[in-house]
Amino acid sequence: MTGVPTQPAGSEVRSTNRGAGRALVAVYGIFALAATARASVQLLTRFEQAPLAYLLSALAGVIYVVATITLARGTHTSRRIALIAIIIELVGVVSVGTLSVLYPEAFPRATVWSAYGIGYGFVPLILPIVGLAWLWHTRAS
Amino acid sequence: MIEALAYVVIALAGVAVIWGLVTAVANKPPGKAQLLFAAGVEIVTVVQSIIAAAKLVAGARPVELATTIAYLIGIVILIPIAWLWANVERSRFSGMVLAVAALGVLAMTLRLLVLWAPAS
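Here the structure is a predicted model, which is why all the values come from computation and not from measurement.

Basis of the calculations
- One numbering rule holds for all chains: residues counted from 1, following each sequence as written.
- Chain letters start at A and ligand numbers start at 1, both assigned in the order the entries are written.
- For this predicted model, a pLDDT threshold of at least 70 governs which residues receive local features, and a threshold of 80 or more governs which side-chain atom pairs are given and counted, while totals over whole chains, interfaces and linings are taken from all residues.
- The basis for every side-chain value is the complete set of heavy atoms in the structure, and neither hydrogens nor water enter the calculation.
- Secondary structure elements follow DSSP: runs of H or I of four or more residues count as helices, runs of E of two or more count as strands, with numbering from the N terminus.
- The globule rule used here is 2.2 Å times the number of residues to the 0.38 power, and the radius of gyration it is set against is calculated over C-alpha atoms.
- Each residue's exposure class comes from its accessible area (1.4 Å probe, protein chains only) as a fraction of the maximum for that residue type: buried when under 20%, exposed when over 50%, partly exposed otherwise.
- Between two residues, a contact is recorded if the distance between any of their heavy atoms is within 4.5 Å.
- Accessible areas in this description were obtained via Shrake-Rupley with a 1.4 Å probe; residue shielding takes into account the shown protein chains only.
- Working convention for charge: Lys and Arg count positive, Asp and Glu count negative, and His plus the chain ends are omitted.
- Working definition for charges: the position is that of NZ of Lys, CZ of Arg, CG of Asp or CD of Glu.
- Once two parts are joined, some of their accessible surface, as seen by a 1.4 Å probe, is lost; buried area is that loss totalled over both.
- The term salt bridge refers to a pairing of a side-chain nitrogen on Lys or Arg with a carboxyl oxygen on Asp or Glu at a separation within 4 Å.
- Polar contact is defined as a pair of N or O atoms within 3.5 Å, subject to the rule that within protein one atom must be able to donate a hydrogen and the other to accept it, and that residues adjacent in sequence are counted only when both atoms are side-chain atoms.
- Each residue gets one label: Ala, Val, Leu, Ile, Met, Phe, Trp, Tyr, Cys and Pro are nonpolar, Asp, Glu, Lys and Arg are charged, and the others, such as Gly, are polar.
- Lining residues are those with an atom within 4 Å of a point, where the points come from a 1 Å grid over the protein atoms alone and group into cavities, where a 1.4 Å probe fits but cannot get out, or pockets, open sets with protein on both sides within 12 Å along at least five of seven lines.
- Grid points are joined across faces, edges and corners, and a volume is the space filled by probe spheres set on the points.
- For Phe, Tyr and Trp, rings pair up if their centres lie within 6.5 Å, where Trp contributes its six-membered ring, and each pair is then called stacked (planes under 30 degrees apart), edge-to-face (over 60) or tilted (otherwise).
- Our definition puts a charge over a ring when NZ of Lys or CZ of Arg is within 6 Å of the ring centre and also within 35 degrees of the ring normal.

Right, let's talk about the overall build of chain B for a bit. Across its full length, chain B holds four helices and zero strands. Scanning chain B from its N terminus toward the C terminus, one meets helices and strands in the order α-α-α-α. Taken against the 2.2 N^0.38 rule, which gives 14 Å for 120 residues, the C-alpha radius of gyration of chain B at 15 Å falls within 12% of a compact globule. Taken over the C-alpha atoms alone, chain B extends approximately 50 × 20 × 20 Å along its principal axes. Of all 120 residues assigned to chain B, the portion counted as buried reaches 48%. Expressed as a percentage of contacts within chain B between residues at least 6 apart in sequence, the contacts between residues at least 24 apart total 83%. With an accessible surface of roughly 5600 Å², chain B has 78% of that area assigned to carbon and sulfur atoms. The centroid of the 7 positive side-chain charges in chain B is displaced by 8 Å from the centroid of its 4 negative side-chain charges.

Printed below as a string of C-alpha cells:
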C-alpha cells in the first residue's frame, strides 16, 4: 500500500475502488467488455445454434458489468450489489463449469464459464474468489 | 490487418505488461516514460485497427466478421480507459491497471490473428 491515508478519518467502510481494488476493477472491466461483446455477437448472429450457452454468456456479461460498476463506485450500497453479483458469478462459474464437464452435449458452444473458464485461463473461476476476498478485506471494521 | 504490425502490437503490449508489473512490485506509480510508452502502444493499436477497418471495407471477410469488428473496436478503448483510471489515483496499482489493460490488448490481438488468418 502507499502509506497515504486514502479515506478520511472516521470513515466506516474502506472503499472497494482504492489501491488493489483498482487493479481488480480493471480485470472486471476487461471481462465485462469481452463477455458482453462476445455474447452480443453470438445472440445477434446465431442464437438458434446454442440458445442456453449464449444466454449464459449474456448473463455472465451482465454480471461482470454490474460487478465492475459497483466495485468502481465503492459506496455502501454498491458494495452490497457487488457482493450479490459476485456470489452469483461464483455460483455460475462453478455450476456451469461442472455441468459443462459432465454434460458437454448441453453446451455445444463454449461460454465464458465452460469448464471453469478454461478458455480464459481459469480467470473466471479465480476472479469471484478474489472479488469476495477484496470485499471481506475492505469491510467495515 | 497486417500480420507484422499485429506482432509489433503484441510485443509492445508485452513490454507494457512487464513494465506495469515491475513498477507495481517496486511500489512506484507509473512514471512519465511509462505513460508515454502506453500512449505509443495505443497509437500502434489504433493504426492497426484503422488498417483492418479499411481492409474490411475493401472486401476482406474473416470467418467471424462481427467478432472481428468487436475486437478491433475493443482493443483501441482499453488503454485510454486504463490510462484515465490509473491517473485518478496514482499508486503502485496504477501500474497494475496499465498492465491489465495491456494484457487485454495482447490477448485480443492474438485472437484477432487467429480470426483473420482464414480470410477468403
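Glancing now at the interface of chain A and chain B. Each side of the interface is counted separately: chain A has 18 residues, and chain B has 19 residues. Between chain A and chain B, roughly 1500 Å² of surface is buried when both sides are summed, and carbon and sulfur atoms account for 74% of that area. Considering only the surface of chain A that becomes buried against chain B, Arg22, Ile30 and Leu33 of chain A emerge as the three largest contributors, covering 38% of it. At the junction of chain A with chain B, the criterion picks out two salt bridges. With a shortest N-O distance of 4.0 Å, arginine 22 of chain A and glutamate 89 of chain B are connected by a salt bridge. The tally of links from chain A across to chain B stands at three residue pairs in polar contact (both at pLDDT 80 or more). Counting residues per element, the side of chain A that touches chain B draws most heavily on helix H1 (residues 20-46) of chain A, which supplies twelve residues. Its residues placed into classes, the side of chain A that touches chain B shows eleven nonpolar, four polar and three charged.

Throughout the structure, instances matching the rule amount to two salt bridges over all chains. For glutamate 64 of chain B, the salt bridge identified is with arginine 46 of chain A, shortest N-O distance 3.2 Å. Here glutamate 64 of chain B, found in the loop between helix H2 (32-57) and helix H3 (65-88), pairs with arginine 46 of chain A, found in helix H1, and the two come from separate chains.

As a further point, take the layout of surface pockets. Estimates place the volume of the largest pocket at around 870 Å³. Contributing to the lining of the largest pocket are 34 residues, with Phe31, Ala34, Gly119 and Tyr120 of chain A together with Ala107 of chain B lying nearest its centre. For the lining of the largest pocket, the elements supplying multiple residues, two or more each, are H1 and helix H4 (123-137) of chain A together with helix H1 (3-25), H3 and helix H4 (92-116) of chain B. Its residues placed into classes, the lining of the largest pocket shows 22 nonpolar, seven polar and five charged. Reported here for the second largest pocket is a volume of approximately 340 Å³. Considering the residues around the second largest pocket, the lining is formed by 16 residues, among which Val25, Gly29, Ile30 and Thr68 of chain A together with Ile81 of chain B are closest to the centre.

Attention now goes to the packing of aromatic side chains. Following the criterion strictly, the structure yields four aromatic pairs over all chains and no others. With a centroid separation of 6.1 Å and 55° between ring planes, the pair formed by tyrosine 28 of chain A and tyrosine 64 of chain A is classed as tilted. Of this pair, tyrosine 28 of chain A sits in helix H1 while tyrosine 64 of chain A is found in helix H2 (residues 51-73), placing the two residues 36 residues apart along the sequence. There is no split in this pair, since tyrosine 28 of chain A and tyrosine 64 of chain A are both buried. Between the aromatic rings of tryptophan 19 of chain B and phenylalanine 37 of chain B, the centroid separation amounts to 5.5 Å while the plane-to-plane angle is 50°, which identifies the pairing as tilted. In this pair, tryptophan 19 of chain B sits in helix H1 while phenylalanine 37 of chain B sits in helix H2, placing the two residues 18 residues apart along the sequence. Here the aromatic residues Tyr28, Phe31, Tyr64 and Tyr120 of chain A are joined through ring pairs into a cluster of three or more. The lysine or arginine in question, arginine 22 of chain A, covers the ring of tryptophan 85 of chain B, its NZ or CZ lying 3.8 Å from the ring centre.

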